[in-house]
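Observations on the model geometry
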Amino acid sequence: MTEVRHNWTVEEILDVYNTPLLELVNRAQQIHREFNNAGEVQVSSLLSIKTGGCVEDCSYCAQSARYNTDVEVMKLMGVSQVLAAADKALAGGASRLCLGAAWREVKDNSDFERVLEMVRGVNEKGMEVCCTLGMISETQAQQLADAGLYAYNHNIDTSEDSYKKIITTRSYDDRLDTIHNVRKANISVCSGGIIGLGETVEDRVNMLKTLSSMEIHPESVPINALVPVAGTPLENQPLVPIWDMVRMIATTRIVIPQTVVRLSAGRAQMSLEGQALCFMAGANSIFAGDKLLTTPNPDFNADMEMFKIFGLTPSKSVKEVHSPS
Ligand code: SAM
Ligand code: DTB
Ligand code: SF4
């Protein structure tokens, strides 16, 4: 039985990342099979409940008010609109709905009350509800937990060093504090990052070092490939080579073996063969639906066809909190 470790060193993780590719995929697949059902993929649906106009300066983001992007600013959706979207996602087979807001942080106001109502409503439909609303306090995390929130997404994005080059309006520690608050409220933690920002392999490895060192590993780790957005400082970044994505997913699977590794943003730019390799490397979750938050994602039916070809089935309700180590 492979041991779940929290003491991986940067050198060890780097060695894993640099393993010859097919050997790396093979090792990740074995570990994946040891810890998880490799025939199942957890499907999440994303809904942007408040879009654009964000005060933060995250260089990759279409929703920052500082950049001139095509995104149309939209104030917080109404509860009934969100519940209708939840019905649609449920009918399509999604077991989780993730509600995203372009906020720096949650404020204690009527908007937050409305989000709590959304969480209660979606939860009552039997779906796992996830939110990604920016920074939250311990009390706010507890309020979300009381409303029935299942998971909270808050990415560390990259290494601490590279973070400063990508975002100046908040610190790595701010990010870690929110993750800590989420954990204290017993909400499932979803935290990962983006590759393709111009970071080095060492930055990627350092990000995995931070995640794998957490006392309790995140129950899910999204790995996003940058979707370059016109108008943002990273608009001209080259697309992430699929081999980098495969390496990153395999390395995540090996160092955080029990987690749900989500093949997140960037799938619209990937071939089916490339995605097959990502699943072989241990990815076991995707975002489905033709839109992520603001950028395109593969069509839902195309994804179901992909699952059929690969012989994968969407898991109805993944219990991500299966006594994590
Ligand atoms: N405002 C909240 C926050 O920053 O936590 C929630 C929404 S934010 C859009 C969620 C995550 O999406 C970011 O942390 C980042 O990892 C990812 N993301 C944003 N824009 C992206 C892009 N253009 N390409 C890939 N991933 C992106
Ligand atoms: C995550 O790691 N990826 C999702 C979700 N968490 C919220 C967001 C991807 C956003 C991609 C860019 C966009 O559509 O604006
Ligand atoms: Fe705002 Fe989140 Fe986009 Fe950063 S990533 S600009 S915090 S919406």
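It should be emphasised that the depicted structure is a prediction, and the values quoted were computed from it without experimental measurement.

**Considerations on the overall build of the protein chain**
Counting its regular elements, the protein chain contains 11 helices and 10 strands. Computed over the C-alpha atoms, the radius of gyration of the protein chain is 18 Å, within 12% of the 20 Å expected from 2.2 N^0.38 for a compact globule of 325 residues. Buried positions account for 58% of the 325 residues belonging to the protein chain. Taking all contacts inside the protein chain whose residues are at least 6 apart in sequence as the whole, residues at least 24 apart take part in 77%. Charged side chains of the protein chain number 29 positive and 40 negative; the gap between the two group centres comes to 3 Å.

**Examining the environment of Met248**
Tracing the sequence through the fold places Met248 in helix H9 (residues 242–255). On a C-alpha basis, the gap between Met248 and Asn301 in space is 27 Å, while along the polypeptide they are 53 residues apart. If near-sequence neighbours (up to four positions away) are discounted, Met248 is found in contact with Tyr17, Ile195, Arg204, Met207, Leu208 and Ile223.

**Remarks on the confidence of the model for the protein chain**
Of all residues in the protein chain, 97% have pLDDT values of 70 or greater, and the mean over the chain is 94. Across residues 318–325 the pLDDT falls below 50, and counting only partners more than four positions away or on other chains, this stretch makes 29 contacts in the model.

**A look at the site of ligand 3**
Taken together, Cys54, Glu56, Cys58, Tyr60, Cys61, Ser64, Ala102, Trp103 and Arg170 make up the full set of residues near ligand 3. In terms of residue class, the shell around ligand 3 is made up of 6 nonpolar, 1 polar and 2 charged.

**Let's talk about the environment of Val261**
Take Val261: it is sitting in strand E8 (residues 260–263). Through-space distance from the C-alpha of Val261 to that of Gly192 is 8.9 Å; in sequence the pair is 69 residues apart. Once residues lying within four places of it in the same chain are set aside, the contact partners of Val261 are Val221, Ile223, Ile249, Thr252, Arg253, Gly282, Ala283, Asn284 and Ser285.

**Here we look at the environment of Asn18**
For Asn18, the position within the fold is in the loop between helix H1 (10–17) and helix H2 (21–35). Note: C-alpha distance between Asn18 and Thr251 (233 residues apart in sequence) is 9.2 Å.

Criteria and thresholds
Residue indices follow the written sequence of each chain, beginning from 1 at its first position. Labels follow written order: the first chain is A, the first ligand is 1, and so on. Predicted model: local features are reported for residues with pLDDT of at least 70 only, side-chain atom pairs are reported and counted for 80 or more only, and whole-chain, interface and lining totals are derived from all residues. Each side-chain value is derived from all of the structure's non-hydrogen atoms; neither hydrogens nor water enter the calculation. A run of DSSP states H or I qualifies as a helix once it reaches four residues; a run of E qualifies as a strand once it reaches two. Both are numbered from the N-terminal end. As a reference, a globule follows 2.2 Å times the number of residues to the power 0.38, and the radius of gyration itself is taken over C-alpha atoms. For each residue, the accessible area found with a 1.4 Å probe, counting protein chains only, is set against the maximum for its type, and the residue is called buried under 20%, exposed over 50%, and partly exposed in between. Throughout, a residue-residue contact means that at least one pair of heavy atoms, one from each residue, lies within 4.5 Å. Counted charges follow a simple rule, with Lys and Arg positive, Asp and Glu negative, and His plus the chain ends left uncounted. Charged groups are reduced to one reference atom each: NZ for lysine, CZ for arginine, CG for aspartic acid, CD for glutamic acid. pLDDT is a residue-level measure of predictor confidence that goes from 0 to 100. Whether a residue is near a molecule or strand depends on its heavy atoms: if one lies within 4 Å, it is near. The residue classification treats Ala, Val, Leu, Ile, Met, Phe, Trp, Tyr, Cys and Pro as nonpolar and Asp, Glu, Lys and Arg as charged. All others, Gly included, are polar.

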